[in-house]
Amino acid sequence: MRLKKMMQTTTTTTMITKTTAFDDNYRVRVVEGVSTMRARKSVRARSSFKRAMKSSSAMSAQAAVEGLKGSKGTLGRARGRADERTDSKAESLLSIWLQREAQRGNLDEDLVVVLRAISIACKRISGLVKAAPLQGNIGLAGGKNESGDEQKKLDVIANDVFLDAVKSCGRSSVIVTEEEDHPVFSATKVGNGDFIVTFDPIDGSSNIDACVTTGAIFGIYSPGECDIDPSESAEKILENCTLNAMQSGENLVAAGYCMFSSSCVFMITTGHGVYGFTLDEQIGEFVLSHDDQKIPDGKEMKRIYSGNNGNVDLWAPELKDYVSKLQTGEIDGKIGNPWSYRYIGALIGDFHRTLLYGGIWLYPPDAKAPEGKARLLYEVAPIAYIAEQAQGMATRGKFANERVMEVKPTSIHQKSPMFVGSTSAVLGLQKFLKDRANTKR
Ligand code: MN
Ligand code: MN
């Protein structure tokens, strides 16, 4: 039912209607069937992108950069630092910045191709999200995904945009998306890369009808150990795709998200710090706005906690106690000076604020969701990687001391809890949980 829905959004309906009953084999066949058409589409997309790059004159790029530089506050300061670091203003454009990172030896050339493809998918989805109420793309699509979430129309469309972009770049062999039950085998190999790309095309889509912040989130893992031979049976291909996809966060080579909010911001790490780019709609490009972003800590950290407070009675009692210590300020010895509470209920929105302001975001298991609600491969591990690259921490477990990055999944849609934020805040939580366990004994 769900797959059928998905396919109605592509132009390959004729082929699909022939095979509706099973999905394991089906997904693989469908993917091979659409590859040529999608590759052709993507060549068009790439050349028009190149044309756009050529025609956006040095003048307009320069103007955009100057505009950002002139702005006051964090952005202005970030731009100031960026200018010291970069040789040319043009390097502030994401596409050029990625190329330079490759030249510096920080980034694999094939990975650059994947990241560019993802950034283009994000621009498209940003446009779709903005126009959703006008284009009738609000409301439900009528299906449910693997995790039991009801699919919104935009989930289905954005998934197709993302899949199309990643498949057609030819550098990914396996794709795992929140919206597909099984890994997608991508047989359109062009370059050397055969990365495992995982994504949630729109996170927070349950808020979309109210125009609340949403975002796309992705993880790119090193190629897995199995050689996937397209001539093998569909079952074997699926088995190998699944094996290759089940990697811990330690095998991430890049991760990021694109937040669709008052600005459209693309944040990435490739293992050399965290960088953010804001979409300049005048030139249609992401421009560097968050240079070497760190999660604020110490005096710089805002004392903010986040999490679904409505569920606090479903959390472990020690976590409820922890929250009450935040509310009195006792947790860091500042009684009478409580921590502030902020919660959007959208993973990317809540994380992005934590990344910029500091504090702690609690996504613990509760009585109704013993593993939490967020998915390890394409939500929790990518966020953990970004947090660590920004000098923060991301942990889980009874004492909040298991590193999220080390968790090896046993299924592709596995869920995982997470505590993430400023290092001192996560260490504070660990200390609280340990002390409390000791006094109970
Ligand atoms: Mn999600
Ligand atoms: Mn989603």
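That block above? That's the structure.
Q: Hey, could you go over the overall build of the chain for me, with residue numbers and the actual values?
A: Of regular secondary structure, the chain possesses 13 helices and 16 strands. Sequence-distant contacts, at least 24 apart, represent 65% of the contacts inside the chain between residues at least 6 apart. Carbon and sulfur atoms form 51% of the exposed surface of the chain, whose accessible area is close to 18,800 Å².

Q: Tell me about helix α7 (residues 109-135), residues and numbers included.
A: With 27 residues, α7 ought to run about 39 Å at 1.5 Å a step, and its terminal C-alpha atoms sit 37 Å apart, in line with that. Put simply, Asp108 is the residue that caps the front of α7, since its side-chain oxygen is 2.7 Å from the backbone nitrogen of Asp110. Just past α7, the residue Gly136 takes up positive phi, approximately 75°.

Q: Can you tell me about the coordination of the manganese ion (ligand 1), naming the residues and giving the values?
A: In a perfect tetrahedron of four donors around a metal, the angles come out at 109.5 degrees. In a perfect octahedron of six, they are 90 or 180 degrees. Around the manganese ion (ligand 1), the protein contributes the donor atoms Asp200 (OD), Asp203 (OD) and Glu379 (OE), at 2.0 to 2.2 Å from the metal centre. Counting residues between consecutive donors of the manganese ion (ligand 1) along the chain gives the motif D-x2-D-x175-E. In this model, the manganese ion (ligand 1) sits 3.7 Å from the manganese ion (ligand 2), the two metals being bridged by Asp200. Residue classification places Asp203 among the buried residues on the basis of a relative accessible area of 9%.

Q: Kindly report on the sheet that holds strand β16 (residues 418-421), identifying the contributing residues and their values.
A: What the six strands build is an open sheet, ordered β12-β11-β13-β16-β14-β15; its pairing is mixed. Every other strand in the sheet has two partners, leaving β12 (340-341) and β15 (402-403) as the edge strands with one partner each. When strand β13 (residues 360-363) meets β16, the two strands line up antiparallel, connected through four bridges. Pairing of Tyr363 across the sheet is with Met418, part of β16. Taken strand by strand, helix α11 (residues 347-357) contacts β11 (304-306), β13 and β16, and its axis lies near 150° from that of β13. On the sheet, helix α12 (residues 376-389) packs against β14 (393-396), β15 and β16 and is oriented at approximately 30° with respect to β16.

Q: Go over unusual backbone geometry, please, and point to the residues and values.
A: Despite not being glycine, Cys211 has its phi angle at roughly 60°, a positive value. Secondary-structure assignment places Cys211 in the loop between β5 (195-203) and β6 (214-221). Looking at Cys211, the relative accessible area reads 60%, which means it is exposed. Within the chain, Asp292 stands out as a residue other than glycine whose phi angle is a positive 55°.

Q: Account for the pairing of β5, with residues named and values stated.
A: Regular strands place side chains that alternate from one sheet face to the opposite one. Among the nine residues in β5, nine count as buried, and that is most of the element. Strand direction decides the pairing type here: β5 and β6, joined by six bridges, are antiparallel. Each bridged residue has a counterpart across the sheet, and for Asp200 the counterpart in β6 is Ile217.

Q: Can you lay out the packing of aromatic side chains for me, pointing to particular residues and giving the numbers?
A: All chains considered together, the criterion is met by nine aromatic pairs. When the ring of Trp97 is compared with that of Phe277, the centres are 5.1 Å apart and the planes differ by 65°; the resulting orientation is edge-to-face. Here Trp97 is found in helix α6 (residues 94-103), whereas its partner Phe277 is found in strand β9 (residues 274-280), with 180 residues between them in sequence. For the pair Trp97 and Phe277, a shared accessibility class is recorded, and that class is buried. Clustering of aromatic rings is evident, with ring pairs tying together Trp97, Tyr275 and Phe277. The positively charged end of Lys302 is found above the aromatic ring belonging to Tyr357, 4.2 Å away from the centroid. When the ring centre of Phe399 is taken as reference, the NZ or CZ atom of Lys398 above it lies at 5.8 Å.

Q: So what's going on with the sheet that holds strand β7 (residues 252-260)? Residues and values would help.
A: Within the open sheet, the eight strands sit side by side as β4-β3-β5-β6-β7-β8-β9-β10. Their pairing is mixed. Looking at the sheet topology across the chains shown, the edges are occupied by β4 (184-185) and β10 (285-290). In the sheet, strand β3 (residues 172-177) pairs with β5 via five bridges, with the strands oriented parallel. Bridging from a neighbouring strand, Val174 pairs with Ile196 of β5. Sheet strands touched by α6: β8 (264-269), β9 and β10. Its angle to β8, the strand with the most contacts, is close to 5°. Its contacts with the sheet put helix α8 (residues 153-168) on β3, β4, β5 and β6, and the angle it makes with β5 is roughly 155°.

Q: Mind laying out the pattern of salt bridges, listing which residues take part and the relevant values?
A: For the coordinates displayed, the defined rule picks out 18 salt bridges. The shortest N-O distance in the salt bridge between Glu101 and Arg104 comes to 2.3 Å. As a salt-bridge pair, Arg403 and Glu388 come within 2.8 Å of each other at their nearest N and O atoms. With Arg403 in strand β15 and Glu388 in helix α12, this residue pair connects regions lying 15 residues apart in the sequence. Arg403 sits in the partly exposed class, given a relative accessible area of 29%. Exposure remark for Glu388: the relative accessible area of 25% places this residue in the partly exposed category.

Q: An account of the side chain of Thr214 is needed here, citing residue identities and associated values.
A: Note that Thr214 resides in strand β6. Judged by its relative accessible area of 1%, Thr214 falls in the buried class. Setting aside its immediate chain neighbours within four residues, Thr214 contacts Val129, Ile202, Asp203, Gly204, Ser205, Ile208, Cys258, Met259 and Phe260.

About the thresholds
- Residues numbered from 1 in each chain as written.
- Chains lettered and ligands numbered in written order.
- Predicted model: local features only at pLDDT ≥ 70, side-chain atom pairs only at ≥ 80, totals over all residues.
- Heavy atoms only, no water.
- Helix = DSSP H or I, 4+ residues; strand = E, 2+ residues; numbered from the N terminus.
- Contact = heavy atoms within 4.5 Å.
- Areas by Shrake-Rupley, 256 points an atom, 1.4 Å probe, with all protein chains shown as cover.
- Expected span 1.5 Å × (residues − 1).
- Polar contact = N/O pair within 3.5 Å; in protein donor to acceptor, adjacent residues only side chain to side chain.
- Donors = N, O, S within 2.8 Å, 3.2 Å for Na, K, Ca; no water.
- Buried < 20%, exposed > 50% of the residue type's maximum accessible area, 1.4 Å probe, protein only.
- Pairing = 2+ DSSP bridges.
- Axes fitted to C-alpha atoms, helices over the stretch in contact; angles between N-to-C directions.
- Phe/Tyr/Trp six-rings, centres within 6.5 Å; stacked < 30°, edge-to-face > 60°.
- Lys NZ or Arg CZ within 6 Å of the ring centre and 35° of its normal.
- Salt bridge = Lys/Arg side-chain N within 4 Å of Asp/Glu carboxyl O.

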